[in-house]
Amino acid sequence: MEKIKAYISKTRFWVLVAVVLMVIIAVVVIFKKAENAEETPYEKNRKTVAALEKADISHTENALKDLGSRDGSEGSQGEERDTVELKRAFQNAVILGDSFSESIVEYGFLDTDVVLYKRGLSVSQADDLVDSAISLRPSAVFFVFGTNDMEICEGDSKKFIEAYRRQIGRLKEGLPDAAVYINSILPATKEAVKETPSYAYCEAFNEALQAMCEEDGYTFVDCTFLIEGKDGIYEPDGIHVIKSYYPAWLSYLADTAGL
């Protein structure tokens, strides 16, 4: 009789344990569902990034692009900086160029200790500017040439690149550790091209610049997207651009160089 009672007691104990476990599992499942239902987009993104750290790199790149498009960051060009921020960003950099660079100073965005320019200058004539840049010892140098070169070189992009390489070589001799950034040439309007046919070589010259950068290890900065689809961006001459272009351009240069 005592054995039967002991058996019944043990049976009741294990039944109770089983019931308690079932209740615990049910509670966990309910809370888990509620947690997933209330999960914020930020938390989902955080978990996605954490999972990507263990994933194959090719899949990771595609997934990160998708993640960026979800939160609206894909294709972002960064914030446009004000004059104070721009001067702070370029304090250890130099911009070399022609009248496009001159306008940076004329509009007051940067000063002449950062921007070295001469109106109508071609890259082949920039020896003095390069020497001045070397004396300033910047960590980054931006070249802005090409509009005048298209006419001076009579559309010969090879001649243009030879002159460009010579000036970069002179710069690197004096500043071997400086980062070099080559700015694209902005296209002129159709009216300006009719008046000065050499401006029609813009695309060919930009392609040559990009190829040079890829071959020699410099950074080509294509800024043409900054004027695309924008009415009234050009000055009446159809070559130069209005004041509002410059903070967007300089901000993009600074973002590209990590300034």
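For the structure itself, look to the data block above.
To start, this report covers the structure provided alongside it. None of the values given here were measured: they were computed from a predicted structure.

## Section: the pairing of strand β3 (residues 140-144)
Phase 1 of the analysis: By the criterion of burial, β3 is predominantly enclosed, with 5 of the 5 residues buried.
Phase 2 of the analysis: A two-sided burial pattern is seen for β3, the buried positions comprising Ala 140, Phe 142 and Val 144 on one face and Val 141 and Phe 143 on the other.
Phase 3 of the analysis: In this sheet, β3 lies alongside strand β1 (residues 93-97) in parallel orientation, the contact comprising 5 bridges. Following the sheet pairing, Val 94 is matched in β3 by Val 141.
Phase 4 of the analysis: Across 4 bridges, β3 lies against strand β4 (residues 179-183) in parallel orientation. Considered in β4, the bridge of Phe 142 is made with Tyr 181.

## Some remarks on the pattern of salt bridges
Between side chains of opposite charge, a pair can form when the charged atoms approach closely.
Phase 1 of the analysis: Tallied over the full model, the rule gives 8 salt bridges.
Phase 2 of the analysis: Measuring nitrogen to oxygen at the nearest pair gives 2.7 Å for the salt bridge that ties Asp 255 to Arg 81. Placement of Asp 255 in helix α11 (residues 245-257) and of Arg 81 in the loop between α3 (57-70) and α4 (83-89) is noted, with a sequence separation of 174 residues between them.
Phase 3 of the analysis: Of the residues examined, Arg 81 reaches a relative accessible area of 17% and is grouped as buried.
Phase 4 of the analysis: Among the salt bridges present, the one from Arg 166 reaches Asp 127, with a minimum N-O distance of 3.1 Å. Of this pair, Arg 166 sits in helix α8 (residues 157-174) while Asp 127 sits in helix α6 (residues 127-136), and the two are 39 residues apart along the sequence.
Phase 5 of the analysis: Among the residues examined, Arg 166 registers a relative accessible area of 38% and is labelled partly exposed.
Phase 6 of the analysis: Residue Asp 127 is classed as partly exposed on the basis of its relative accessible area, which comes to 24%.
Phase 7 of the analysis: Within the structure, one salt-bridge network assembled from shared partners comprises Asp 127, Asp 131, Arg 166 and Arg 170.

## Focus on unusual backbone geometry
Phase 1 of the analysis: Here the phi dihedral of Arg 137 falls at roughly 55°; this positive angle occurs in a residue that is not glycine.
Phase 2 of the analysis: Tracing the sequence through the fold places Arg 137 in the loop between α6 and β3.
Phase 3 of the analysis: Here the phi dihedral of Glu 154 falls at roughly 55°; this positive angle occurs in a residue that is not glycine.
Phase 4 of the analysis: Structurally, Glu 154 can be placed in the loop between α7 (147-152) and α8.
Phase 5 of the analysis: The exposure class assigned to Glu 154 is exposed, which follows from its relative accessible area of 68%.

## Looking at the side chain of Asp 98
Phase 1 of the analysis: With respect to the helices and strands, Asp 98 occurs in the loop between β1 and α5 (99-106).
Phase 2 of the analysis: Arg 119 is the oppositely charged side chain nearest to the buried, salt-bridge-free Asp 98, at an N-O distance of 9.3 Å.
Phase 3 of the analysis: A polar atom in the side chain of Asp 98 sits 3.1 Å from the backbone nitrogen of Phe 100.
Phase 4 of the analysis: Excluding anything up to four places from it in sequence, Asp 98 contacts Tyr 117, Lys 118, Leu 121, Val 144, Phe 145, Gly 146, Thr 147 and Asn 148.

## Some details on the packing of aromatic side chains
Phase 1 of the analysis: Evaluated as defined, the whole model comprises 14 aromatic pairs.
Phase 2 of the analysis: With centroids separated by 5.6 Å and ring planes inclined at 55°, the aromatic side chains of Phe 90 and Phe 142 adopt a geometry described as tilted. With a gap of 52 residues between them, Phe 90 in the loop between α4 and β1 and Phe 142 in strand β3 connect regions that are remote in the sequence. Assigned by exposure class, Phe 90 and Phe 142 land together as buried.
Phase 3 of the analysis: What links up through ring pairs into an aromatic cluster is the set Phe 143, Phe 145, Phe 160, Tyr 164, Tyr 201 and Phe 205.

## Remarks on α11
Phase 1 of the analysis: If you check α11, its first and last C-alpha atoms are 18 Å apart, about what 13 residues at 1.5 Å a residue would give, namely 18 Å.
Phase 2 of the analysis: Counting buried positions over the 13 residues of α11 gives 10, a clear majority of the element.
Phase 3 of the analysis: Those residues of α11 that fall on the buried side of the exposure criterion are Tyr 245, Tyr 246, Pro 247, Ala 248, Trp 249, Leu 250, Ser 251, Leu 253, Ala 254 and Ala 257.
Phase 4 of the analysis: Where α11 is buried, its residues meet α4, β1, α5, β3, β4 and β5 (219-221).
Phase 5 of the analysis: Remark: Gly 258 follows α11 within two positions and exhibits a positive phi of approximately 70°.

## So, the packing of α8 against helix α10 (residues 202-216)
Describing two packed helices takes the angle between their axes plus the distance from one axis to the other.
Phase 1 of the analysis: The contact between α8 and α10 brings their axes to 10 Å, and the two run at 40°. In terms of axis orientation, α8 runs oblique to α10. As α8 runs across α10, the sense of the crossing is right-handed. From α8, Ser 157, Phe 160, Ile 161, Tyr 164, Arg 165 and Ile 168 reach across to α10, where they touch Ala 204, Phe 205, Ala 208, Leu 209, Met 212, Glu 215 and Asp 216.
Phase 2 of the analysis: Among the residues forming the contact of α8 with α10, the class breakdown is 9 nonpolar, 1 polar and 3 charged.

So, how was this worked out
- The numbering scheme is per chain: residues are counted from 1 as the chain's sequence reads.
- In keeping with the predicted nature of the model, local features appear solely for residues at pLDDT of at least 70, side-chain atom pairs appear and are counted solely at 80 or more, and the whole-chain, interface and lining totals rest on all residues.
- The side-chain quantities take in all heavy atoms of the structure and omit both hydrogens and water.
- Accessible area is worked out with a 1.4 Å probe on protein chains only. A residue is then buried under 20% of its type maximum, exposed over 50%, and partly exposed in between.
- Each helix is a run of H or I in the DSSP string that is no shorter than four residues. Each strand is a run of E no shorter than two, and both are numbered from the N terminus.
- Between any two strands, pairing holds if DSSP finds at least two bridges.
- For this document, the term salt bridge refers to a Lys or Arg side-chain nitrogen within 4 Å of an Asp or Glu carboxyl oxygen.
- Charge assignment: positive for Lys and Arg, negative for Asp and Glu; neither His nor the chain ends contribute.
- Polar contact is the term for a pair of N or O atoms within 3.5 Å; when the atoms are in protein, one must be able to donate a hydrogen and the other to accept it, and sequence-neighboring residues count only if both atoms are side-chain atoms.
- In this description, contact between two residues means that some pair of their heavy atoms is separated by no more than 4.5 Å.
- Pairing of aromatic rings covers Phe, Tyr and the six-membered ring of Trp, with a centre-to-centre limit of 6.5 Å; geometry is then stacked below 30 degrees between planes, edge-to-face above 60, and tilted otherwise.
- Given the number of residues in a helix, its expected span is that number minus one, multiplied by 1.5 Å.
- Convention adopted: a line fitted to C-alpha atoms gives each axis, helices being fitted over their contacting stretch, and angles between N-to-C directions are expressed from 0 to 180 degrees.
- Any angle that is under 35 degrees is reported as roughly parallel, and any over 145 degrees as roughly antiparallel; angles of 65 to 115 degrees are reported as roughly perpendicular and all others as oblique.
- A crossing counts as left-handed when the near helix is turned anticlockwise from the far one by less than a right angle, and as right-handed when that turn is clockwise.
- By the convention adopted, Pro, Cys, Tyr, Trp, Phe, Met, Ile, Leu, Val and Ala count as nonpolar, Lys, Arg, Asp and Glu as charged, and the other residues, Gly among them, as polar.

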